[in-house]
Amino acid sequence: MVGGLRAEDHGASQRLAGWVHRRRDLGGLVFVDLRDRSGLVQLSFGPAWTEPESLALAHELGHEDVVLVEGTVERRPEGARNQEIATGDVEVRAVRLQRLSDAVTPAIPVYQSAGEPLPAEELRLQHRVLDLRREELQRNLILRHKLVIAARNYFDGLGFLEVETPMLTKATPEGARDYLVPSRVHKGEFYALPQSPQLYKQTLMISGFDRYFQIARCFRDEDLRADRQPEFTQIDVEASFVEPDDILGWMEGLVVALSQVAGLEAVRPFPRISWADSMERYGSDRPDLRFSLEISDWTKATADVDFGIIRSQVAAGGRVRGLRLPGGARLSRKEIESIEAEAKAAGALGLLWAKRTAEGLSGTLGKFISGTQADALGLGAGDLVVAAAGADKVTSPALAAARMAAAKVLGLTPEREHAWLWVTEFPVFVEEDGVLVAAHHPFVMPHKDDVHLLESNPLAVRGTAYDLVYNGTEFGSGSIRIHLPDLQRRALRVLGLKDEEIDTKFGFLLGALAAGAPPHGGIALGLDRIVQRFTGSGSLRDVIAFPKTTAARALFEGAPTQAGSAELEALGLEVTVGRKRGS
RNA sequence: GGGGCUGUAGCUCAGCUGGUUAGAGUGCCGGUCUGUCACACCGGAGGUCGCGAGUUCGAGUCUCGUCAGCCCCGCCA
């Protein structure tokens, strides 16, 4: 490896192989930066120490040629050292040079000079073989590897077993769209690629593998984002005879181990907040606790404020909630409106605000309130409040957006760099367009105090579900699962499933549960997202070796492709749309 | 499914209210050069202006469509 050579290696004979990163040909002398994944080292070629044929070859080397070199490590002459690179005190004086591979001129540069912009991402994905040679991507994938190894060792140390589960599996009736794989043997039937190993890991619990984990690939056929890929990797965990505390404790230990690998800080225990509390105080189920700004309920404090919007929203059953921003009075109207714009983008009709300065009260809300009423909001001189009136469903996301926007506009410094958090007691069910759906998935064990509400008031049923949140990003979620077949059937009925449907779709699960199931639960963490945040990458694509585009295409190898008619026939398939583009 | 941005030399970009021969830097090719490290200097080649229609005397530039990439909403834990 070339990147580790130092002044102490002076005089050592070396045989090095790598890629030609850069060549500086001075006519008599030739310098070549040799690269491998450990870094760079300068090779020097000169008539005094290099064999003539090798010297001639050195003049001809091009970018990305693969070479093998024999020579001696030498301290560089005074004034010829390079502080910029780790091996800058030495060079390898090449005696013999062999070209192992003559590379064509790279379509996109591997070498980048300082401040040079990256090629278009389309080209980077197309020429992934070259892009992956860049130090940044190599560093990301190396860290990813180290995190995976650390996770495996961590779980192994706790007696967890890694068990592989199928990739060709059964379509799941709800959740994301499945990727389907046609069966040749059973024409007209399809496997699905797993959205997660959820049901398999529960089955493993029932089979007695009481501590399981897997670095599991998952597939979801939904539209993509910068932080979403159609195939992604989860650190998947499940254990039997556990309470949430057990899972949370183990996972905190894992996060500490992973953070150590990445050189970041994670302090246990992580704070915990219930979902209801989180929505109340931060308007979000994944609050960024690097900032402590909290939402207040001002419904009472504004009860005698004569302001149409407030009165009508409260009369309709809504509340007045808002954020107190100390020192916020210095914000301009434009800056305040930028906060409002974020709240509107999150679904609010508008944001009310009041500013208090030496001159008095001002703002859309400020105009309507007295000094006493301002005091009731905690609005002191120099402060600003922003508020939203209406149903929590609308105001919570709006205030969550306003909270982050305000932190940015005010230039608040984070109170901590790494804000780890557990959000617990997620509801089991939520209402979507008037229909009851599972908030997480339909296997979440209801809170024991709420089981009796299952049929009478399902929306009030708290679940034993928890999310791990890091700096406002959800890193993973899990729950204690239902291990009683009767209870599982009740939960599925609440979702509107008929008994026959339950038996066809979930019969294998209910059957397994009936075989004597231990209480069990687990969690899954998004590995890609963890690596993305730990490396500070802007996109998931920079922490995956061969990612897909936002249209789910693989540009390097060119997937997906059309199937030939013989293949289709063998599968018993006929394609009726989209036959085009011979390419 | 919807909205926005982008597409000009291998790469990164410039190209004005439409105007006749489309530029720069870098890379590439050739040459000079013994301490460079963004080596320097001299010379050269290199263009389907994403693609297709349309408007116009004339389109890289305007209009419509389409393809691709990226960002966002819907969707997705």
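Quick look at the sheet that holds strand β12 (residues 295-297) now. Sheet strands pair by backbone hydrogen bonding; their relative direction is either parallel or antiparallel. On the basis of which strands lie adjacent, the open sheet formed by five strands has the order β12-β13-β16-β14-β15 and antiparallel pairing. Both edges of this open sheet fall to β12 and β15 (360-362), since each of them pairs with a single strand only. Shown here is a sheet whose adjacent strand axes are inclined to one another by a mean of 25 degrees, direction ignored. Along the sheet face, helix α8 (residues 308-315) touches β13 (319-325), β14 (352-357) and β16 (384-390) and points at about 45 degrees away from the line of β16.

Inspection of the secondary structure puts Asp383 in the loop between α10 (371-376) and β16. Polar contacts involving the side chain of Asp383 include one to the main-chain amide nitrogen of Gly327, which spans 3.0 Å.

Under the defined criterion, the tally for this structure stands at one cavity of 30 Å³ or more. Taken as a whole, the largest cavity holds about 30 Å³ of empty space. For the largest cavity, the full set of lining residues is Val255, Leu258, Trp420, Leu525, Ile530 and Phe534. Those elements giving two or more residues to the lining of the largest cavity turn out to be α6 (244-262) and α14 (527-535).

Inspection of the region around RNA strand B gives 50 residues, with Asp25, Ala80, Glu91, Ala120 and Thr550 positioned closest. Sugar and phosphate atoms constitute 54% of the interface atoms of RNA strand B, taking the interface as everything within 4 Å of the protein. Arg220 is positioned with one of its side-chain polar atoms (N or O) 3.2 Å from a sugar or linking oxygen of RNA strand B. For RNA strand B, a sugar or linking oxygen lies 3.0 Å from a polar atom in the side chain of Ser477. Elements supplying a minimum of two residues to the surface near RNA strand B: β1 (13-25), β5 (90-101), α2 (121-126) and β21 (473-480).

Put simply, chain A has an average pLDDT of 93, and 99% of its residues get 70 or more. This stretch, residues 579-583, has a pLDDT under 50; its non-local contacts, to residues over four places away or in other chains, come to six contacts. Scored as a whole, the predicted complex attains pTM 0.93, and scored at its interfaces, ipTM 0.94.

As for its position among the elements, Asp36 is in strand β2 (residues 30-36). As a C-alpha pair, Asp36 and Asp392 span 356 residues in sequence and 56 Å in three-dimensional space. Within the structure, the side chain of Asp36 is placed 2.5 Å from the side chain of Ser38, a separation counted as a polar contact.

Let us look at the packing of helix α9 (residues 333-345) against helix α11 (residues 392-409). It is the contact of α9 with α11, at a shortest axis distance of 7 Å, that shows an interaxial angle of 145 degrees. Crossing angle aside, the handedness with which α9 passes α11 is right-handed. When α9 is examined against α11, the residues Glu335, Ser338, Ile339, Glu342 and Ala343 are found in contact with a partner set consisting of Ala398, Ala401, Ala402, Ala405, Ala406 and Val409.

Moving on, we come to the packing of aromatic side chains. In the structure shown here, the tally under the stated rule is 14 aromatic pairs. Ring centres of Trp420 and Tyr470 lie 4.3 Å apart, and the angle between their planes is 40 degrees; this geometry places the pair in the tilted category. Note that Trp420 is positioned in strand β17 (residues 420-424) and Tyr470 in strand β20 (residues 465-470), a separation of 50 residues in sequence. Classification of Trp420 as buried rests on a relative accessible area of 5%. A relative accessible area of 4% places Tyr470 in the buried class. Lying over the aromatic face of Tyr111, Arg22 brings its terminal NZ or CZ to 3.8 Å of the ring centre.

Overall, the coordinates contain 46 salt bridges when judged by the stated rule. Among the salt bridges present, the one from Asp227 reaches Arg529, with a minimum N-O distance of 4.0 Å. With Asp227 in the loop between β9 (211-219) and β10 (231-240) and Arg529 in helix α14, the pair connects residues that are 302 residues apart, well separated along the chain. Judged by relative accessible area, Arg529 falls into the partly exposed class, the value being 24%.

Our next topic: the nonpolar core. Membership of the largest hydrophobic core comes to 62 residues, with the highest contact counts inside it found for Ile235, Ile247, Met251 and Trp420. Every residue in contact with Met251, bar those within four places of it in the chain, is listed here: Phe155, Val237, Trp422, Ile523 and Leu525.

Turning our eyes to something else, we now look at the layout of surface pockets. Sizing a probe to match a water molecule and rolling it over the atoms shows the empty space that remains. Roughly 920 Å³ of internal volume is contained in the second largest pocket. Along its surface, the second largest pocket is lined by 32 residues, and His21, Arg35, Gly39, Leu40 and Glu135 are the ones closest to its centre. Listing elements by their share of the lining of the second largest pocket, those giving two or more residues are β1, β2, β3 (39-45) and α4 (135-157). Considering every element that reaches the lining of the second largest pocket, the biggest residue donor is α4, with five residues. When the residues that make up the lining of the second largest pocket are grouped by side-chain class, the tally is eight nonpolar, ten polar and 14 charged.

Definitions and cut-offs
- Residues numbered from 1 in each chain as written.
- Chains lettered and ligands numbered in written order.
- Predicted model: local features only at pLDDT ≥ 70, side-chain atom pairs only at ≥ 80, totals over all residues.
- Heavy atoms only, no water.
- Pairing = 2+ DSSP bridges.
- Helix = DSSP H or I, 4+ residues; strand = E, 2+ residues; numbered from the N terminus.
- Axes fitted to C-alpha atoms, helices over the stretch in contact; angles between N-to-C directions.
- Contact = heavy atoms within 4.5 Å.
- Polar contact = N/O pair within 3.5 Å; in protein donor to acceptor, adjacent residues only side chain to side chain.
- 1 Å grid on protein atoms, 1.4 Å probe; cavity = no way out; pocket = protein on both sides within 12 Å on 5 of 7 lines; lining within 4 Å.
- Points joined across faces, edges and corners; volume = space filled by probe spheres on them.
- Near = heavy atom within 4 Å.
- pLDDT = per-residue confidence, 0-100.
- Left-handed = near helix turned anticlockwise from the far one by under 90°.
- Phe/Tyr/Trp six-rings, centres within 6.5 Å; stacked < 30°, edge-to-face > 60°.
- Buried < 20%, exposed > 50% of the residue type's maximum accessible area, 1.4 Å probe, protein only.
- Lys NZ or Arg CZ within 6 Å of the ring centre and 35° of its normal.
- Salt bridge = Lys/Arg side-chain N within 4 Å of Asp/Glu carboxyl O.
- Core = buried A, V, L, I, M, F, W, Y, C linked by side-chain atoms within 4.5 Å.
- Nonpolar A, V, L, I, M, F, W, Y, C, P; charged D, E, K, R; others polar.

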